[in-house]
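Overview (structure and organization)
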Amino acid sequence: MFKSKEQFKRSFVQKFKQMHSQEIESATADRVYQTLGSMVRKEAASQQLSGSRRCREEQSKTVYYFSMEFLLGRLLENNLLNLGVLTLCREGLAELGLDLNEVLAEEPDAGLGNGGLGRLAACFLDSLASLDLPGHGCGIRYRYGLFEQIIAGGDQIEVPEDWLRGGNVWETRRPEEAVEVRFGGRVRAEQSGGRLLFHHEDYESVLAVPYDLPVLGYHNGAVNTLRLWSAEPVLADLKRGCREPGCYRSIVDYKHRLEAISELLYPDDSSREGKALRLQQQYFLVSAGLQSICRAYKLRYGSLRDFHRRVAVHVNDTHPVMAIPELMRLLIDEEGLGWEEAWAITEQTVSYTNHTTLSEALEKWPVDLFAPLFPRIFQLVEEIDRRFRRKLRLSPDLSSKEEPTALISGGQVRMAHLAIVGSHSINGVSRLHSEILKDREMKDFYDIYPHKFNNKTNGISHRRWLLQANPALAALITETIGSGWLSRPEELATLENLAADGSFQEQLFRVKQGNKAVLGEIIRERSGWAVDPCSIFDVQVKRMHAYKRQLLNALQILHLYNRLLEEPNLEITPRTFIFGGKAFPNYLLAKRIIKLITTLAGVINKDSRVNDRLKVVFLENYSVSLAERIIPAADVSEQISTAGKEASGTGNMKFMLNGAVTIGTLDGANVEIAAAVGPENIFIFGLKADEAARCHREGYRAAELCAREPELKRVVEQLTNGFLPGGDQFVPIYDSLITHNDEYLVLKDLLAYVEAQRLLGKTYRDSGRWGRICINNIARAGRFSSDKTIANYAAEIWGLAPALRGTMV
């Protein structure tokens, strides 16, 4: 991009003056950010153009990764890093009197995701480009994201996440490639030339306009695309037909109603209107994306008959599963193919990742909502269901599975069932999760389609989460073992030879301490609490949900507080418990757990009897950019979900890579992390997945357990007996544990968790042993790189070859 620092400075100053009509001496950080981002985007466009020419020559296969979320974080530093000019730009700007860190802070986190699903998608895009694989993301350009979280009076308050208020320097709007998406109306069928034709009539149109963002590979010149769709009204036709009083109001109402499709991520679905909006979002994404892909494909190849040979469509969880009937619609209604040929193409094109065993995430939509919104799509789903049922009835061994596996049953459309029937591959995201799918949650389908099921354990972009997020540790590693690990993360294993090296341990501890000091200052600025950087930083940052068991952590803190009050001379290593995460606006229990944590912080942090040994912090508005400060500073990684409920987790991998030690259950990818590091390098406690599943079946009674165990009884009663301020605010938490019998086995695992925490604290005091554990975790984290995960997807599911890049087909 730039051959020298002097060339960069000349180009930057020229571009700055051109964009802002100002001298560089008057530059603000925001304008420097806009200028530098514009230069990077121009370079990416140039690299992508040369790559697309080669792709056309090679006619390579391309994957399109459909996801409702892409949690990108900030992009400028990552793009400069991948282009190999980060240091050059930092030094060049410094010579111009500008601070790159201040510039980077001007970029808002993109409001395109919420949790692990979206961050996984972002890591996958990074690895696709870095492995020189042709793969593009397909998502929605949410105007306000999920929400911005404010903690006021200890409560979560949601306000719009206005991340686009200053524009988005990375995106290129492409109105010439807009497509029409249709909702509602009716379907008219007619015979013509021996074929049955279907006409969609009286529908409501929305214009899907694409915005393209470049995805740059690491030091290889590869550039893929994340295409985000924005819903815009088709106003021209309405204006021409507007001849009645009140037309203006009708047009404005129409405009607002359709723009809502791309306004918020996961709109509140507690009402029928909210459910309809979520469904419209899902269809909007897949219809816009597939129409665009098919149109470009036909321009190049003339026909869709070999579509599956050059295109792979991957659906990330059930949200984009309407890609299956939508592709059938395009092949049958638009392309004129027969059912059997269209179905063969569709099944060979689409693959599906399941991310959960939670029933609420295995989407089911009422037929009386689904069918009126998508009349033609519903007809196709009905026909897929009819043919699938007939296939089962014709097989004596499978006929009993007809109703349990039906796509439409009980007045509902089952999206996970549609995904399984219409895809050629169904993968889980950890070994445990994949086994649970085959043995329990989707056993009937596994009996029907054993060849479709496989595992692809999640991974993380090790360059983003170590090289970028923790440059001091990355520099230490590179100085020690060389830079090969940046492209070959398995080379981190070389660090095992240094696990007991006192000198290397000391250098590692210095890096960690520096990161903790930085985070301590962030905590002071954001929360007002002063924390001891020499204390154990014990971190649980993730989406707030009962199965992730932030409540277990909170009750353990309450238990520890009780002990410190009773035993003032109790020997413990000082602890700072750090939380972060958002609760969905209509998820009352999760919001009460946030209130409990902030209440504990208020009580404990002000108590002079203990606050030199115990602190609690909840950092509001958890985001990727905040995670990049928290994770490098963590000593302990809390991964304490109920066994069998977390599909994989990727936070566990990010913490491990940065030298944090895991305390957790044998759930999700924790199982594989434990196998990788060995039992001496991780703190495992609690029920296993089969034991947890058996617990409720065999008559677990939380109230009886509580009555038998005084320590449990005490912390549970303290939720409602006035020990904590807040009146009856924690009654819903008490009820979840006792009245509703502790669905996620918090009380069942609490005492084992307390003991694991005690052992962890004792181990931390042995600095040599703790250093060995940290280094072994870093050394064995390379196997959890998303580069490895994506290489497996490419070879075993999508059939992609490297070094054959291209633009959107």
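Here's what I pulled together on the structure shown here. (Residues numbered from 1 in each chain as written. Predicted model: local features only at pLDDT ≥ 70, side-chain atom pairs only at ≥ 80, totals over all residues. Heavy atoms only, no water.)

**Quick notes on unusual backbone geometry**
Heads up, the condition is: Runs of H or I in DSSP of at least four residues are treated as helices and runs of E of at least two as strands, each being numbered from the N terminus. Relative accessibility thresholds used throughout: buried, under 20% of the residue-type maximum; exposed, over 50%; partly exposed, between the two (1.4 Å probe, protein chains only).
Backbone geometry at Arg 549 places phi at a positive 60 degrees, although glycine is not the residue there. Tracing the backbone through its elements, the reader meets Arg 549 in the loop between β18 (536–541) and α22 (550–566). Residue classification places Arg 549 among the buried positions, given a relative accessible area of 1%. Positive phi, close to 55 degrees, is recorded for Leu 745, a residue that is not glycine. Its relative accessible area of 1% is what places Leu 745 among the buried residues.

**Some words on the sheet that holds strand β15 (residues 412–414)**
Which entries qualify depends on this criterion: DSSP calls a pair of strands paired once it identifies at least 2 bridges connecting them.
Reading across from one edge, β13-β15-β14 is the order of the three strands in this open sheet, with antiparallel pairing throughout. Each end of this open sheet is capped by a strand with a single partner; those strands are β13 (364–366) and β14 (408–409). Pairing analysis gives three bridges linking β13 to β15, with the strands arranged antiparallel. Counted as the bridge partner of Trp 365 is Val 413 from β15.

**Quick look at the sheet that holds strand β19 (residues 575–580)**
Put simply, the rule reads: Contacts are assigned to residue pairs with any non-hydrogen atoms lying within 4.5 Å of each other. In this analysis, axes come from line fits to C-alpha atoms, helices being fitted only over the stretch in contact, and the angle between any two N-to-C directions falls in the range 0 to 180 degrees.
A sheet is described by the order of its strands in space; here six strands give the open sequence β20-β19-β18-β21-β22-β23, paired in parallel fashion. Since the sheet does not close on itself, it has two edges, and those belong to β20 (614–618) and β23 (683–684), each with one partner. Bridging between β18 and β19 involves six bridges; their strand directions are parallel. Pairing of Phe 537 across the sheet is with Thr 576, part of β19. Contacts between helix α23 (residues 588–605) and the sheet are confined to β19 and β20, with β20 contributing the most and set at about 140 degrees to the helix.

**Let's talk about the side chain of Arg 278**
Position of Arg 278 among the secondary structure elements: in helix α9 (residues 272–301). On the basis of relative accessibility, which here comes to 16%, the residue Arg 278 falls in the buried class. Leaving out residues up to four positions away in the same chain, Arg 278 has contacts with Tyr 266, Pro 267, Asp 269 and Trp 365.

**Structural notes on the packing of aromatic side chains**
Counted only if it meets this: Working definition: rings of Phe, Tyr and Trp (its six-membered ring) pair if their centres are within 6.5 Å, and the pair is stacked with planes under 30 degrees apart, edge-to-face with planes over 60 apart, and tilted otherwise. Geometrically, a charge over a ring is one whose NZ (Lys) or CZ (Arg) sits within 6 Å of the ring centre while staying within 35 degrees of the ring normal.
Applying the stated rule across the entire model yields 20 aromatic pairs. Ring geometry for Phe 183 against Phe 374: centres 6.2 Å apart, planes inclined by 55 degrees, an arrangement best described as tilted. Placement of the pair is Phe 183 in strand β6 (residues 179–183) and Phe 374 in the loop between α13 (367–373) and α14 (375–393), with a sequence separation of 191 residues. Phe 374 matches Phe 183 in its accessibility class, with the two residues each being buried. Between Tyr 297 and Tyr 301, the aromatic rings sit 4.6 Å apart at their centres with planes inclined by 45 degrees, giving tilted as the arrangement. With Tyr 297 and Tyr 301 both in helix α9 and four residues apart, this pair spans about one turn of that helix. Classification of Tyr 297 as buried rests on a relative accessible area of 0%. An aromatic cluster is defined as three or more aromatic residues linked by ring pairs; in this entry it consists of Phe 183, Tyr 283, Phe 370, Phe 374 and Phe 378. In this structure, Lys 452 is placed above the aromatic ring of Tyr 449, and the distance from its NZ or CZ to the ring centre is 3.9 Å.

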